[in-house]
Amino acid sequence: SFCFAGGYAAGYYSYKWAEVMSADAFGAFEDVGLDNEEKVKEVGKKFRETVLALGAAVPPMDVFKEFRGREPTPDALLRHNGLA
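Counting from 1, residues in each chain are numbered in the order their sequence is written. Reporting of local features is limited, given that this is a predicted model, to residues whose pLDDT is at least 70; pairs of side-chain atoms are given and counted only at 80 or more, and all residues count toward the totals for whole chains, interfaces and linings. Water and hydrogen atoms play no part in the side-chain values, which are based on all heavy atoms of the structure.

1. Description of the overall build of the protein chain
So, point 1. When you go through the protein chain residue by residue, the secondary structure sums to 4 helices and 0 strands.
So, point 2. Every helix listed is a DSSP run of H or I at least four residues long, and every strand listed is a run of E at least two residues long, numbered separately from the N terminus. For the protein chain, the N- to C-terminal ordering of α and β elements is α-α-α-α.
So, point 3. Only C-alpha atoms enter the radius of gyration; for comparison, a globular chain is expected to reach 2.2 Å times N to the power 0.38, where N is the number of residues. Expected size for 84 residues packed as a compact globule is a radius of gyration near 12 Å; at 15 Å, the protein chain overshoots this value by more than 25%.
So, point 4. Viewed in the frame of its principal axes, the protein chain has a C-alpha envelope of about 50 × 35 × 15 Å.
So, point 5. Here the term buried applies to any residue with accessible area under 20% of the maximum for its type, exposed to any over 50%, and partly exposed to those in between, with areas from a 1.4 Å probe on protein chains only. The burial tally for the protein chain puts 21% of its 84 residues in the buried class.
So, point 6. Contacts are assigned to residue pairs that have any heavy atoms within 4.5 Å of one another. Counting contacts in the protein chain only where the partners sit at least 6 residues apart, residues at least 24 apart contribute 52% of the total.
So, point 7. Only four residue types enter the tally: Lys and Arg on the positive side, Asp and Glu on the negative side, with His and both chain ends excluded. Taken as the charge centre is NZ of Lys, CZ of Arg, CG of Asp or CD of Glu, depending on the residue. Treating the 10 positive side-chain charges of the protein chain as one cloud and the 13 negative ones as another, the clouds have centres 1 Å apart.

Below, the structure written as structure tokens:
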């Protein structure tokens with residue numbers, strides 16, 4: 001069918017995977033409590049020192065694991081979309 005022709009499926013998968021990583025990264029801030037200013041600053045510093053500082057110099061999965069201490073999971077994305 002049309003959505004699998006021309007690489008659309010691969011592009012959509014990449015887009016969804018980026019959403020998983022984004023939601024899971026934001027989950028690090030949620031985990032410490034968004035109202036806990038000191039802890040949010042600590043997580044923000046770690047985000048800056050890993051995700052922002054390493055950028056494309058390191059494979060994305062390695063950067064994510066350095067930030068979160070684990071591979072990404074879809075749990076946060078499902079929660080943010082009201083599916084969990």
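Once you've had a look at it, read on.
2. Some thoughts on the side chain of arginine 68
So, point 1. Mapped onto the secondary structure, arginine 68 falls in helix α3 (residues 60-68).
So, point 2. At 3.1 Å, the side chain of arginine 68 forms a polar contact with the side chain of aspartate 24.
So, point 3. The residues touching arginine 68, leaving out its near neighbours within four places in the chain, are Asp24, Gly27, Ala28 and Asp31. As used in this structure description, the phrase polar contact means that two N or O atoms lie within 3.5 Å; if the pair is within protein, one of them must be able to donate a hydrogen and the other to accept it, and residues adjacent in sequence are counted only when both atoms belong to side chains.

3. A word on the packing of aromatic side chains
The geometry of an aromatic ring pair comes down to the distance between the two centres and the angle between the two planes.
So, point 1. Note on aromatic contacts: the rings of Phe and Tyr and the six-membered ring of Trp form a pair at centre separations within 6.5 Å, being stacked when their planes are under 30 degrees apart, edge-to-face when over 60 apart, and tilted otherwise. Under the definition given, this model contains 3 aromatic pairs.
So, point 2. For the pair phenylalanine 47 and phenylalanine 67, a centre-to-centre distance of 5.4 Å together with 80 degrees between the ring planes defines the contact as edge-to-face. Taken together, the residues phenylalanine 47 in helix α2 (residues 37-54) and phenylalanine 67 in helix α3 connect sequence positions 20 residues apart.
So, point 3. Since its relative accessible area comes to 24%, phenylalanine 47 is described here as partly exposed.
So, point 4. Accessibility expressed as a relative area gives 4% for phenylalanine 67, which makes it buried.

4. Re the environment of valine 43
So, point 1. Here valine 43 shows up in helix α2.
So, point 2. Beyond its immediate stretch of four places on either side in the chain, valine 43 contacts Ala28, Phe29, Val32 and Phe67.

5. Examining the nonpolar core
So, point 1. Residues Met21, Ala25, Ala28, Phe29, Val43, Phe64 and Phe67 constitute the largest nonpolar core, which totals 7 residues.
So, point 2. Elements with a contribution of two residues or more to this core: α1 (8-32) and α3.
So, point 3. Those residues in contact with alanine 28 that sit more than four places away from it in its chain are Val43, Phe67 and Arg68. Residues enter a nonpolar core if they are buried and are Ala, Val, Leu, Ile, Met, Phe, Trp, Tyr or Cys, with the set joined through side-chain atoms within 4.5 Å.

6. Details of α3
So, point 1. All buried positions along α3 are accounted for by Val63, Phe64, Phe67 and Arg68. Here the buried residues of α3 occupy an arc of 115 degrees about the axis, which is enough to place them on one side.
So, point 2. Of the surrounding elements, those touching the buried residues of α3 are α1 and α2.
So, point 3. Positive backbone phi, approximately 80 degrees, marks glycine 69, located one or two places after α3. By arc we mean the arc of the directions from the helix axis to the C-beta atoms, nothing more.

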